[in-house]
Amino acid sequence: MNGIYFDIAHLLAGLLVLISFFQLYQDRLYALLNVFALHAFVLALSVAWQAFIQDAPHLYVTAALALLFKAIVIPVALHRIIIRLGIHREIEQVVGVGPAMLAGMGLVALAMVVMLRVTHGADPLTREDLAFALSVVLLGLLMMVTRRNAVGQVVGFMSLENGLVLAATGAKGMPLVVEISVAFSILIAFIVIGIFLFRIRERFDTVDVQALDRFRGERP
Amino acid sequence: MSFNPLAAVLLIPAFAAALLALLPGYRIGARLNALAALATLASAISLFFVRPQPGPYLLVDDLNSTFIVLTTFVGFTTSVFSASYIDHELEIGRLQPGFVRFYHAMYQVLMFAMNLALLSNNIGVMWVAIELATLTTVMMVGIYRTHEALEAAWKYFILGSVGIALALFGTILVYLAARPVVGEGLDGMVWTTLVGHARAFDPALLDVAFVFLLLGYGTKVGLAPLHAWLPDAHAEGPTPISAVLSGLLLNVALYALLRFKMLLAVNPAALAPGPLMVTLGLISLVFAAFMLYRRRDIKRMFAYSSIEHMGIITFAFGMGGPLANFAALLHMTMHSLTKSAIFFAVGHVAQVKGTQRIADMGGLTETNPLLGWGLILGVIAIAGMPPLGIFMSEFLVVSSTFARSPALAIVLVFGILVGVGGLFLRLNTIAFGEPRGPTAKAQASYVPLFAHLALVLSAGIYMPASLVAWFENVARLLG
């Protein structure tokens, strides 16, 4: 494998992990959505680069999907939704920025230890891509648990899913990648439409998941 | 063109879904729904006789034809129950006719997704099918549009999506493990090819993959630390969907896990998946058994009972070996039939009483004898009392475990007994004593309820030798 090819792929995957960290400490929904758009943009670049070096033209579809759908349509739609719901104020984080960053670092270390140890056989590009991808997945999970706000959780889920797309495109020659990324886009579209159509704000007065909990049938 | 049962099992629900989405009139819709489910069942049964060759996407073998017949059968009986249930919901105005059209179409999409997941020979297609099944059930859970229903749907959505995402990561890792051996491209995801070459896969990669798959699909099975979506989704959606969720969708997710377990079993250096499944199964069983005691909502209570039984089934599959696998398969079948029967009864009970709160029900055997005794029979069956079918399968699970590791068997028996206590405690309130709440007669369809119970009863008393041989054969396949 050509050295520069590897380096650029490495750089883009590393950037994704870095942007995941940016997302962790954003305490405003607007800023969070902007950082997420950047995340999706870097993902699109990374997938396009993989399509180029693997000579796999179908991956350009996945890249285009990431660019159009996740970097443009979804952030714009969510921007409008949070204005309509009137929640473009601060995000309440369950844990502070410091502990969240520390936990994030721990998770990245964990991802490195696990993935680099089990992938001796694979070629270096795949190995590192997988380690980065697992880091992004775990950081996305961490984000979902540190946010109480439903929109914040959705952004966490979408960045988790970006990690999965990174892993799927990094696995050279994997079949059905395009189909899977389309299936994921449908899932995300449903989540976003769900927030909007179900009018969680109107029905529950808040999209704060802790407040939703009050309505459970279990409580007398 | 000759009749192709494989295509029929997938295409009938797909076409029916499209047709139902277009057809106005809920009576026609309900009939067509049941008719399509019946046709799917017939084609599924014909899979026993016509066995198409496995292709890169679809596969029929003894294991999945068992699952698919069970799925289509319960799918059919539930569609019959659903017709009378929905009728009542429309009458009291809880559902609008437009939503019913949507509901029927979604029901067939769900059937299609489950059949596709069961028949797929490709781990990528299987993942997409399970995702589709999750999406459709999310929409059906939220169909009442109440606070509780939307919250349940949202929770199910988020937790289910995370589970699905983890399962995809596991699937990618399996492909990576296969790639050096099988080569790039489509073959790396075809299950029959994978299982043929799994001996040469990198064991470390397979181990990590299985952990992700267990957490991912385990969320959909409803195993204990990952079960949080399940009680809400069961309690707040329409009852036919609770029946399908408990009776079928949990099985489909478990089936996906079993496929990967078989993959790991081929590779001697890979981690044994058994102990992981045994642990999660026992945790689910004991946890859910205790949770049964403090339930106020009748559907929520039976949802916890489903977690308990999925725990037992996962435990038994984790133990492995011909006898435990046999017991697990039997228990799964019996649980699907019994639990959906219970939900059929519960659906009508909740409609008669106008509530799901256990405290507001009482004396059901006096006011609605047929419904009350049907529910009692179902609960006796699910509690594992002789001579019903679940007694036999639970007995087999327990006795095979005692023979191999008594310590685990003690935990197992403890969990089962605690669960039985919880169920009977509540049953007493619901079925006997002073009648409470409205005492109107139910306009119920009793046929699906009692058909299931009759099957469970007859399986407990006498199982035909050919059926036993069939289950033994499948149990051997599972290793």
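For every chain, the first residue of its written sequence is number 1, and the numbers climb from 1 along that sequence. Ligands are numbered from 1 and chains lettered from A, in the order in which they are written. Per-residue local features are limited, in this predicted model, to residues with pLDDT of at least 70; the limit for side-chain atom pairs, both in listing and counting, is 80 or more; totals at the level of whole chains, interfaces and linings are taken over all residues.

1. Digging into the overall build of chain B
No. 1: Secondary structure elements follow DSSP: runs of H or I no shorter than four residues count as helices, runs of E no shorter than two count as strands, and numbering proceeds from the N terminus. Within chain B one finds 19 helices and 0 strands.
No. 2: Rg of the C-alpha trace for chain B: 21 Å, near the compact-globule value of 23 Å for 479 residues, within the 12% margin.
No. 3: Seen through its principal axes, chain B has C-alpha atoms that stretch 65 × 55 × 45 Å.
No. 4: Exposure is read from a count of other C-beta atoms within 10 Å of each residue's own; the residue is exposed at 12 or fewer, buried at 20 or more and partly exposed in between. C-beta atoms are placed from the backbone. Each of the 479 residues in chain B was classed as buried or not, and the buried ones make up 63%.
No. 5: For chain B, long-range pairs separated by at least 24 residues make up 82% of all intrachain contacts whose partners lie at least 6 apart in sequence. Throughout, the radius of gyration refers to the C-alpha atoms, and the reference size of a globule is 2.2 Å times the residue count to the power 0.38. Any two residues are considered in contact once their C-beta atoms, placed from the backbone, lie within 7 Å.

2. With respect to the overall build of chain A
No. 1: Counting its regular elements, chain A contains 9 helices and 0 strands.
No. 2: Burial analysis of chain A (220 residues in total) assigns 46% to the buried set.
No. 3: Taking contacts inside chain A between residues at least 6 apart in sequence as the whole, the part at least 24 apart equals 72%.

3. Observations concerning the interface of chain B and chain A
No. 1: Listed by partner, the interface residues are 34 residues for chain B and 37 residues for chain A.
No. 2: For the side of chain B that touches chain A, the secondary structure elements donating two or more residues are α5 (123–141), α6 (147–182) and α8 (203–221) of chain B.
No. 3: Counting residues per element, the side of chain B that touches chain A draws most heavily on α6 of chain B, at 16 residues.

4. Some remarks on the packing of helix α13 (residues 321–353) of chain B against helix α19 (residues 465–478) of chain B
Residue and element names in this part refer to chain B.
No. 1: At a minimum axis separation of 8 Å, α13 and α19 run at an interaxial angle of 120°. Taken as axis vectors, α13 and α19 run oblique relative to one another. In this structure, α13 crosses over α19, and the sense of that crossing is right-handed. Listed contacts from α19 to P322, N325, F326, L329 and L330 of α13 are F471, E472, V474, A475, R476 and L478. The angle between two axes is taken between their N-to-C directions and runs from 0 to 180 degrees, where each axis is a line fitted to C-alpha atoms and a helix contributes only its stretch in contact. Oblique is the label for every angle not falling under 35 degrees (roughly parallel), over 145 degrees (roughly antiparallel), or within 65 to 115 degrees (roughly perpendicular). Here a crossing is taken to be left-handed if its near helix is turned anticlockwise relative to the far helix by less than a right angle, and right-handed if that turn runs clockwise.

5. Details of the packing of helix α4 (residues 97–119) of chain B against α5 of chain B
Residue and element names in this part refer to chain B.
No. 1: Packing of α4 against α5 brings their axes to within 8 Å, and their N-to-C directions diverge by 155°. Considered as vectors, α4 and α5 are oriented roughly antiparallel to each other. Note that α4 runs across α5; the crossing there is left-handed. Every residue of α5 that contacts α4 at Y103, M106, V109, L110, A113, M114, L116 and A117 is listed here: V125, M126, A129, I130, L132, A133, T136, T137, M139 and M140.
No. 2: Each residue gets one label: Ala, Val, Leu, Ile, Met, Phe, Trp, Tyr, Cys and Pro are nonpolar, Asp, Glu, Lys and Arg are charged, and the others, such as Gly, are polar. Within the contact of α4 with α5, the residues separate by chemical class into 16 nonpolar, 2 polar and no charged.

6. Some thoughts on helix α2 (residues 26–46) of chain B
Residue and element names in this part refer to chain B.
No. 1: For α2, with 21 residues, the first-to-last C-alpha span of 30 Å sits near the 30 Å given by 1.5 Å per residue.
No. 2: Buried residues of α2: Y26, G29, A30, N33, A34, A36, A37, T40, L41, S43 and A44, and no others.
No. 3: Each element contacted by the buried residues of α2 is listed here: α1 (5–22), α3 (62–91) and α4. For a helix, the expected span equals 1.5 Å multiplied by the number of residues minus one.

7. Side note on helix α11 (residues 273–291) of chain B
No. 1: Compared with the 27 Å implied by 1.5 Å per residue over 19 residues, the 27 Å span of α11 of chain B between its first and last C-alpha is a close match.
No. 2: Three or more residues of α11 of chain B are buried, namely P273, M277, V278, L280, G281, L282, S284, L285, V286, A288, A289 and M291 of chain B.

8. So, unusual backbone geometry
Among all residues except glycine, the phi angle is most often negative; among peptide bonds, the trans geometry is most common.
No. 1: Going from P386 of chain B to P387 of chain B, the amide bond is cis rather than trans, its omega being 5°.
No. 2: With respect to the helices and strands, the residue P387 of chain B is situated in the loop between α15 (369–382) and α16 (389–404).
No. 3: Although it is not a glycine, L176 of chain A sits at a positive phi angle of roughly 65°.
No. 4: Within the secondary structure layout, L176 of chain A lies in the loop between α6 (150–170) and α7 (177–197).
No. 5: A positive phi angle is found at R145 of chain B, which is not glycine, with a value near 60°.
No. 6: For R145 of chain B, the position within the fold is in the loop between α5 and α6.

9. Digging into the environment of H147 of chain B
Residue and element names in this part refer to chain B.
No. 1: By the secondary structure assignment, H147 is in helix α6.
No. 2: Judged by local crowding, H147 falls into the partly exposed class, with 16 C-beta atoms found within 10 Å.
No. 3: A sequence separation of 89 residues divides H147 from E236, and the C-alpha atoms of the two residues are 9.5 Å apart.

10. Some words on the environment of T71 of chain B
No. 1: Looking at where T71 of chain B falls in the secondary structure, it is placed in helix α3.
No. 2: What T71 of chain B contacts, discounting residues up to four positions off in sequence, is M114, N115, L118 and L248 of chain B.

11. A short note on the confidence of the model for chain A
Residue and element names in this part refer to chain A.
No. 1: Each residue carries a pLDDT score, the predictor's own confidence in it, on a scale running from 0 to 100. On average, residues of chain A score 82 in pLDDT, and 85% of them are at 70 or above.
No. 2: Mean pLDDT across the secondary structure elements of chain A bottoms out at helix α8 (residues 200–204), with 43, and peaks at helix α2 (residues 29–54), with 92.
No. 3: Scored below 50 in pLDDT, residues 201–207 makes 16 contacts in the model with residues more than four places away or belonging to other chains.
No. 4: Across residues 212–220, confidence stays below pLDDT 50; counting only partners more than four residues off in sequence or on other chains, it has 13 contacts.

12. A few points about the environment of V177 of chain A
All names here are of chain A.
No. 1: Considering the arrangement of structural elements, one finds V177 in helix α7.
No. 2: On the neighbour-count criterion, V177 (22 C-beta atoms within 10 Å) is buried.
No. 3: Between the C-alpha atom of V177 and that of R84, which follows or precedes it by 93 residues, the distance is 35 Å.
No. 4: Ignoring anything within four residues of it in the chain, the contact list for V177 reads L59, T62, A168 and T169.

13. Side note on the confidence of the model for chain B
No. 1: On average, residues of chain B carry a pLDDT of 90, and 100% of them reach 70 or more.
No. 2: Listed scores for the predicted complex are pTM 0.91 and ipTM 0.88.

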